[in-house]
Amino acid sequence: MVLNSLDKMIHLQKNTANIRNICVLAHVDHGKTTLTDCLISSSGIISSRLAGKLRYMDSREDEQIRGITMKSSAISLHYATGNEEYLINLIDSPGHVDFSSEVSTAVRVCDGCIIVVDAVEGVCPQTQAVLRQAWLENIRPVLVINKIDRLIVELKFTPQEAYSHLKNILEQINALTGTLFTSKVLEERAERETESQVNPHSEQGEQVYDWSTGLEDTDDSQLYFSPEQGNVVFTSAIDGWGFGIEHFARIYSQKIGIKKEVLMKTLWGDYYINMKAKKIMKGDQAKGKKPLFVQLILENIWSLYDAVLKKDKDKIDKIVTSLGLKIGAREARHSDPKVQINAICSQWLPISHAVLAMVCQKLPSPLDITAERVERLMCTGSQTFDSLPPETQALKAAFMKCGSEETAPVIIFVSKMFAVDAKALPQNKPSSTDALAFLPLEAFLALIIFLFLADEEQQVESMTPKPVLQEEDNQESFIAFARVFSGVARRGKKIFVLGPKYSPLEFLRRVPLGFSAPPDDLPPVPHMAYCALENLYLLMGRELEYLEEVPPGNVLGIGGLQDFVLKSATLCSLPSCPPFIPLNFEATPIVRVAVEPKHPSEMPQLVKGMKLLNQADPCVQILIQETGEHVLVTAGEVHLQRCLDDLKERFAKIHISVSEPIIPFRETITKPPKVDMVNEEIGKQQKVAVIHQMKEDQNKIPEGIQVDSVGLITITTPNKLATLSVRAMPLPEEVTQILEENSDLIRSMEQLTSSLNEGENTQVIHQKTQEKIWEFKGKLEQHLTGRRWRNIVDQIWSFGPRKCGPNILVNKSEDFQNSIWTGPAAKASKEASRYRDLGNSIVSGFQLATLSGPMCEEPLMGVCFILEKWDLSKFEEQGASDLAKEGQEENETCSGGNENQELQDGCSEAFEKRTSQKGESPLTDCYGPISGQLIATMKEACRYALQVKPQRLMAAMYTCDIMATGDVLGRVYAVLSKREGRVLQEEMKEGTDMFIIKAVLPVAESFGFADEIRKRTSGLASPQLVFSHWEIIPSDPFWVPTTEEEYLHFGEKADSENQARKYMNAVRKRKGLYVEEKIVEHAEKQRTLSKNK
Ligand SMILES: Nc1nc2c(ncn2[C@@H]2O[C@H](COP(=O)(O)OP(=O)(O)OP(=O)(O)O)[C@@H](O)[C@H]2O)c(=O)[nH]1
Ligand SMILES: [Mg+2]
């Protein structure tokens, strides 16, 4: 960038009222990057001839090759209109669902957004998703209806048809906005209701619920998109033109002599013009007239396209002269009509002016941030604004003021970290030979240390020293993508880095001096660090520009935070600032693969590379499984591919081998089926005894374990002292869903109970959390009704796996009561305390059992384990006698020792202490400590309890929306059914020959699906896959024919396809578990009957 314009930018950054931070959001391929190109070209950064072809913001090679955006990136543009000059910080985001986390990181730093909609495809699933994200983040949208040229060239609509079509799109998107708005108003109203119920002082008005009242009071006129409000623009980014109706209102008010204000209200809508009377009348349709929008706007554009496409030179010349334009000789002679259209239209209706003028007029500046948004950003979890410390609440004023004075606290939010090649940093740009001279001090020191270490290592193993400088050259540097919300960010300024879990309350607890304590020698506070802002950058798409300071309200890049920030963080000059609420991610990481280096010696590089990848991507997860495998979890196939490419080429720079995708399953149980595999009612047929035997074998339960008719398993610990009776029941589907939805709440409940158990009552339950807990309990009670579930909710002891999963442990034991809602019953008897101490082992056993089920060691889902009985009486007896003996010993050794009583009171703690001291105690026998025995026994009991019930696998399901034309519909269905997909809905898109198909598809069958659909339909249909839910696979993986009919139908070996079994065996094979497979015993010669005759 020319220095001059950098100075200009720095100057513009200071005028907060004229800054617009905006992002471009849309469904995939609706033209965001092309539109951004057009806007950039108006600033002269790229040539207008290249706009739309260069895709400047897609700076990655794979983005250019595949033609889709994968990372959101920012650029600052200068825009002048009239006397005003604006700075527009523009972020282009990806539209593919796999990268929706990049949208979340973009909307957080913006105040407004441009929603782009393809005029042909209309509102698509991702359009809905991004609109919702904008709403959740409280940022204001404007609408761009793009690709209008397709209506002319491809669909060959008449202007009138195009108008109806556009009206339709606008209605659809406004209907969506309406739903979002209504639900928000209702939510707020419900909140107010509960508040007034909780607070008895507030007025007690109407008792009758009238849900509509809130809606009537609220003004929603600003909310909707409508051309007359000036928040809709019609464009063709590829042809470089666009207009809002204001442009034409201005022109026609001069031409026809009707006031501009009148035209603004009537250019869009059912109005027509009576040219003779120069009057605008209502009701075009009734009178068979053309609406103004068609007559005065669309027809002109249509006739221009018509002239150019038909190469009618005279007509073109006429139009050009009547518009007063000047077309270059080169363009005028060009044989490609697109070039001519672009040359004419980009002068006549310049797209950048239409869009940027709308952005500056209709979208808010950083100064207009609303109190509602500030409060929302400041309140994490179930906190309310009022519950924050007063110093924290005081920061709200700083947010609202967005001031740059010295006293203003500096508040910055980092929404993601992105990697750039260290060479690309402005300070490293000068010639690479003397790169050392330009390295920042830290990097220089790091290099020296590196040289030193490398030297040592070389002595040990390497004969061929690698060129160290090259290694350093290739280093990735992380830049934080951030926004200043208050104060001036200065290079070198020291600042607190607050992690997402930081709490100002916790700070106050640990630091006696409070928020006024000197920052340099603070005691360690969790999730907080103190560091300097090393480097500040202006983000210019592919380039970065060095800055000394950044005033409030701007988007910026910050270097040198990689050791302090993993993915996102809040930076503040005061420790009283709370961390911002976490970003709201729409995509669930579901696709996982195991990766390993091709050469085992390169493992350290892989580990390092994966760490870097984790930091550079907001959504990826990396884990090391129990098996030692390094696993990468991504949002979808395209995301996976990008992560692998990044790992190979940027972060690890080694060859890696990648496993087949690891497909997650869940295990569950169901009610016994009523019909068999040939749809005959079970019980009516004769069983085939021999085959039946096989089924029995499957469920064989070892001796010593009792099973009763309802599947109650009674099992004793190896030392025969404790007995457990456990039963498993399938949970109703709705309950599983409620558990899944409330996993965060369950986790916080768990934390509360454990802190209560530990006796430190530090966490105060906030009223709102308490309300949520009761609401959650109420919902469970509502769905767990009937005799079988009586009182179950009150007796819930734990959730699993990991204490927050979708399975329940219920405690029906009478000796010991403990429930998640109230904590352990306060029975102070000796037995009760013993039960309580050992209770943790039972819960641990349950956690282990739910973490990996018996079918293929996958987690369980939707199972309720009921601990019917828990008998410790034998153990009691033995324990008591041993204890008495020990007590005596102790009394003898310690002169004048205490009474036995005391020992017995704190019995278990004393036991444990002695265990560690002497290595033997009544709790330990030749089978190991009793707690361990209980864990193992409980786990076994749960597993057997499952195995006596009909077990099923659950598959992860995607929903997919496919848009396809009528002629390829059949092929889409064929691919779907081949991959076990199920069509839920098929709809025709109004006014087009497009069909929208909504289907569900197992994740297991989804690999290569998008490609296959694209190939089979010659690229006409492209599906979007989003994880939706878990679904039970109806077939029984252990099924073998048991009735005569089944035997006849499937044959003795029943070796035809059993999908569930196939999945189960594949998982077992991958995990190295025993797989029972049928081997061909007697291969029969196959003959064709007709030939044989
Ligand atoms: N006919 C027509 N094609 C357009 C227009 N704008 C963009 N396109 C084409 O649409 C395709 C997608 O454009 P992009 O700008 O890459 O779309 P995007 O929204 O950035 O896509 P993602 O970033 O992958 O979500 C490209 O082939 C463009 O040439 C337009 O106004 N008219
Ligand atoms: Mg793009």
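Just so it is clear, the model here is predicted, and its values are computed rather than measured. (Residues numbered from 1 in each chain as written. Chains lettered and ligands numbered in written order. Predicted model: local features only at pLDDT ≥ 70, side-chain atom pairs only at ≥ 80, totals over all residues. Heavy atoms only, no water.)

K.L.:
What am I meant to see in the sheet that holds strand S20 (residues 591–597) here?
P.N.:
The pairing of strands in a sheet comes from backbone hydrogen bonds and takes either a parallel or an antiparallel form. Strand order across the open sheet formed by four strands is S21-S22-S20-S23, with antiparallel pairing between neighbours. Edge positions in the sheet fall to strand S21 (621–624) and strand S23 (656–658), since each of these pairs with one other strand and no more. Strand-to-strand, the axes of this sheet are offset by a mean angle of 30 degrees, without reference to chain direction. Bridging between S20 and strand S22 (residues 630–634) involves five bridges; their strand directions are antiparallel. Each residue of the ladder has a partner; that of Arg 592, found in S22, is Val 633. Helix-sheet contacts for helix H22 (residues 603–616) involve S20, S21, S22 and S23, and the interaxial angle to S22 is about 25 degrees. Against the sheet, helix H23 (residues 637–651) contacts S20, S22 and S23, and its axis sits at roughly 135 degrees relative to S22. (Pairing = 2+ DSSP bridges. Helix = DSSP H or I, 4+ residues; strand = E, 2+ residues; numbered from the N terminus. Axes fitted to C-alpha atoms, helices over the stretch in contact; angles between N-to-C directions. Contact = heavy atoms within 4.5 Å.)

K.L.:
Would you mind going over H23 with me for this structure?
P.N.:
Think of an α-helix as turning once every 3.6 residues; residues three or four places apart then point the same way. Taking 1.5 Å of rise per residue, the 15 residues of H23 would be expected to cover 21 Å, and the 20 Å separating its terminal C-alpha atoms lies within 8% of that figure. If you check which residues of H23 are buried, you get Val 638, His 639, Leu 640, Arg 642, Cys 643, Leu 644, Asp 645, Asp 646, Leu 647 and Phe 651. (Expected span 1.5 Å × (residues − 1). Buried < 20%, exposed > 50% of the residue type's maximum accessible area, 1.4 Å probe, protein only.)

K.L.:
I'm lost on the coordination of the magnesium ion (ligand 2) in this one. Help?
P.N.:
Octahedral metals with six donors have ideal donor angles of 90 or 180 degrees. Tetrahedral metals with four donors have an ideal donor angle of 109.5 degrees. For the magnesium ion (ligand 2), the full set of protein donor atoms is Thr 33 (OG1) and Thr 69 (OG1), and the range of their distances to it is 1.9 Å. Remark: Thr 69 occurs in the loop between helix H3 (61–66) and strand S2 (73–81) and Thr 33 occurs in helix H2 (residues 32–42); sequence separation between them is 36 residues. For the pair formed by Thr 33 and Thr 69, the shared burial category is buried. (Donors = N, O, S within 2.8 Å, 3.2 Å for Na, K, Ca; no water.)

K.L.:
Any chance you could explain unusual backbone geometry here in plain terms?
P.N.:
Leave glycine aside and you will find that most residues have negative phi; peptide bonds, for their part, are mostly trans. Residue Gly 800 is joined to Pro 801 through a cis peptide bond whose omega torsion reads -5 degrees. Mapped onto the secondary structure, Pro 801 falls in the loop between strand S28 (796–800) and strand S29 (807–811). A positive phi angle, near 55 degrees, is found at Lys 653, a position not held by glycine. Along the polypeptide, Lys 653 turns up in the loop between H23 and S23. The class for Lys 653 is partly exposed, based on a relative accessible area of 40%.

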